[in-house]
Amino acid sequence: MRYLVIGGAGFMGSNFVRYILRRYSDAEVLVYDKLTYAGRIENLHDVWNDKRFRFVKADICDEEKLMSVVKEFEPDVIINFAAETHVDRSINEPSPFLRTNVFGVFTLLEVCRKLGVPLLVHISTDEVYGDLWGREPVDEEAPFRPSSPYSASKASGDLLCQAYWRTYGVPVIIVRPCNNYGPYQYPEKLIPKTIIRALHNRPIPIYGSGDQVRDWLYVEDFAEALDVIVRKGSRGEAYNVPGFNERRNIEVVETILKLMNKPLSLIKHVEDRPGHDRRYAMKGDKIQALGWRPRTPWIEGLRKTIEWYLHNEWWWRPLIRDEYFELDTPWRR
Ligand SMILES: NC(=O)c1ccc[n+]([C@@H]2O[C@H](COP(=O)([O-])OP(=O)(O)OC[C@H]3O[C@@H](n4cnc5c(N)ncnc54)[C@H](O)[C@@H]3O)[C@@H](O)[C@H]2O)c1
């Protein structure tokens with residue numbers, strides 16, 4: 001099977017590529033990635049010399065380039081991970097989010113419409129459903145209530161996918177993952193930030209009281225869910241991928257500190273970010289009906305993640321500057 005993985009040099013995409021090449025000897029993978037600050041070829045170092053792997057550095061918004069790559073590679077499936085993904089950055093500077101997450105998805109859909117690809121799987125997010133504080137977890141039919149420029153741009157991408165399925169019959173499946181964690185996640189995100197700062201005995205900022213709830217899934221378990229969706233999912237449908245593992249942010253940080261034998265006094269509460277959703281929570285009946293369940297227990301996944309960061313300083317050290325350790329509110333920059 002031939003996989004064109006757009007945004008495959010980022011955190012989730014690179015873990016998916018690794019999973020597919022390990023699992024299927026007949027898989028061929030072409031990663032198409034712009035290599036923004038979040039995309040790194042270092043994320044793909046262990047598959048780089050695999051004969052079944054190819055890489056093209058290009059932008060999802062470049063229709064001509066995308067068209068020529070799709071024509072030449074003739075993928076069985078295109079999977080789109082490419083996005084601007086950090087909510088704090090979307091508050092400071094929304095325009096790259098609109099460009100990649102909306103215009104990029106539009107460009108990709110146009111290429112699929114014009115060339116008639118067999119399957120497009122678009123990676124969305126649980127954030128499109130907005131804040132579910134005090135509510136029941138939602139299924140795939142729930143209304144969109146995005147709160148940040150990031151989640152609004154992702155919701156727009158979903159709507160374009162739905163419209164292209166309905167109007168042109170572009171064979172698209174939408175996937176809405178909860179928060180993923182694991183190896184190769186950029187140091188700005190909560191779990192790697194906590195591990196790296198704790199390792200340096202530096203304070204760990206928590207927005208507001210830290211009682212915001214997120215649902216956490218180990219990134220390899222997501223790769224497995226996505227593999228199941230590619231093989232068994234129905235075109236025109238959306239699939240939530242929950243972790244069934246809701247945790248308050250403060251609990252996440254405290255658990256990591258305990259596992260690393262570091263004092264809880266490293267935690268510092270800072271001003272909350274505007275529009276901060278207090279809880280995401282999804283039902284997963286549809287993905288469970290395809291036979292998927294998360295495999296990795298929370299503490300085991302956290303231990304593996306901590307171990308990975310401890311043993312792979314070569315990967316994260318070049319990304320760390322002195323400002324990284326400042327106790328500030330990044331959305332103010
Ligand atoms: N990480 C999570 O917990 C999470 C949760 C839910 C949904 N998602 C979604 O999953 C997808 C992957 O997330 P991630 O955490 O791996 O992101 P990431 O930021 O680690 O990686 C994004 C990748 O997209 C590439 N990219 C960005 N703009 C591009 C462009 N214009 N053209 C081509 N490539 C471009 C980057 O270079 C990078 O390799 C995103 O769509 C995100 O919205 C992530």
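Report follows, based on the coordinates. Worth saying up front: this structure is predicted, and the values here are computed from it rather than measured. Residue indices begin from 1 for each chain and proceed along its sequence in written order. Confidence filtering applies because this is a predicted model: local features only for residues at pLDDT of at least 70, side-chain atom pairs given and counted only at 80 or more, and all residues used for totals across whole chains, interfaces and linings. Side-chain numbers come from the whole structure's heavy atoms, not from hydrogens or water.

If even one non-hydrogen atom of a residue comes within 4 Å of a molecule or strand, that residue is called near it. Around the ligand, the structure places 28 residues, and the nearest of them are Met-12, Asp-33, Thr-85, Tyr-150 and Lys-154. Pairs of N or O atoms within 3.5 Å make up the polar contacts considered here, provided that, within protein, one atom can donate a hydrogen while the other can accept it, and that residues adjacent in sequence are counted only when both atoms are side-chain atoms. Between the ligand and Leu-35, the relevant distance is 3.5 Å, taken from an oxygen atom to a main-chain nitrogen or oxygen of the residue. Asp-59 is positioned such that a nitrogen or oxygen atom in its side chain is 2.9 Å from a nitrogen atom of the ligand. Contact with the protein chains removes 96% of the 840 Å² of surface that the ligand exposes when unbound. To qualify as a helix, a DSSP run of H or I must reach at least 4 residues; to qualify as a strand, a run of E must reach at least 2; elements of each kind are numbered from the N terminus. Those elements that provide at least two residues to the shell around the ligand are α1 (11-23), α5 (149-168) and β7 (179-181). Here, Shrake-Rupley sampling with a 1.4 Å probe gives the accessible areas, and only protein chains in the shown set may cover a residue.

Here the term cavity refers to a set of points on a 1 Å grid, laid over the protein atoms alone, in which a 1.4 Å probe fits but cannot get out; the term pocket refers to an open set having protein on both sides within 12 Å along at least five of seven lines, with lining residues being those that place an atom within 4 Å of a point. Grid points are joined across faces, edges and corners, and a volume is the space filled by probe spheres set on the points. Overall, the coordinates contain one cavity of 30 Å³ or more when judged by the stated rule. Here the largest cavity is characterised by a volume of approximately 50 Å³. Val-87, Glu-127, Ser-147, Ser-148, Ser-151, Arg-214, Arg-273, Gly-275, His-276, Asp-277 and Tyr-280 together form the lining of the largest cavity. Taken together, the residues of the lining of the largest cavity sort by class into two nonpolar, five polar and four charged. Here the term charged refers only to Asp, Glu, Lys and Arg, the term nonpolar to Ala, Val, Leu, Ile, Met, Phe, Trp, Tyr, Cys and Pro, and the term polar to all other amino acids, Gly among them.

This brings us to helix α2 (residues 63-73). Residue burial is assigned from relative accessible area. The probe radius is 1.4 Å, only protein chains are included, and a residue is buried under 20% of its type maximum, exposed over 50%, and partly exposed in between. Looking at α2, one finds that the buried residues are Leu-66, Met-67, Val-69, Val-70 and Phe-73. An end-on view of α2 places all buried positions within 165° of arc, on one side of the element. Turned more than 90 degrees away from the buried face of α2, the exposed residues are Glu-64, Lys-71 and Glu-72. In this fold, the buried residues of α2 make contact with β1 (2-6), β2 (28-33), β3 (53-57), β4 (77-80) and α4 (95-115). Where α2 ends, the next residue or the one after it, Glu-74, has phi of about 50°, a positive value. What the arc measures is the spread of directions leading from the helix axis to the C-beta atoms. We call two residues contacting when some pair of their heavy atoms lies within 4.5 Å.

Attention shifts here to the state of the cysteines. Note on terminology: disulfide denotes any pair of cysteine sulfur atoms within 2.5 Å. Enumeration over the complete set of coordinates arrives at zero disulfides. Distance from the sulfur of Cys-112, which forms no disulfide, to the nearest cysteine sulfur (Cys-161) is 8.9 Å. The class for Cys-112 is buried, based on a relative accessible area of 2%.

What follows concerns the pairing of strand β5 (residues 120-123). Residues Leu-120 and His-122 of β5 are buried on one face, and the alternating residues Val-121 and Ile-123, pointing to the opposite face, are buried as well. One ladder, built from three bridges, connects β4 with β5; its direction is parallel. Residue pairing for β5: Ile-79 is matched across the bridge by Val-121. Pairing of β5 with strand β6 (residues 172-177), which is carried by four bridges, proceeds in the parallel orientation. Its bridge partner lying in β6, Val-121 is registered against Ile-173. This β-α-β element, β5 to α5 to β6, shows right-handed connectivity. Paired strands are those between which DSSP finds at least two bridges. With the strands pointing away from the viewer, any crossover whose connection runs clockwise from the first strand over the helix to the second is right-handed.

Read these as layout, nothing more, since geometry by itself doesn't imply function.
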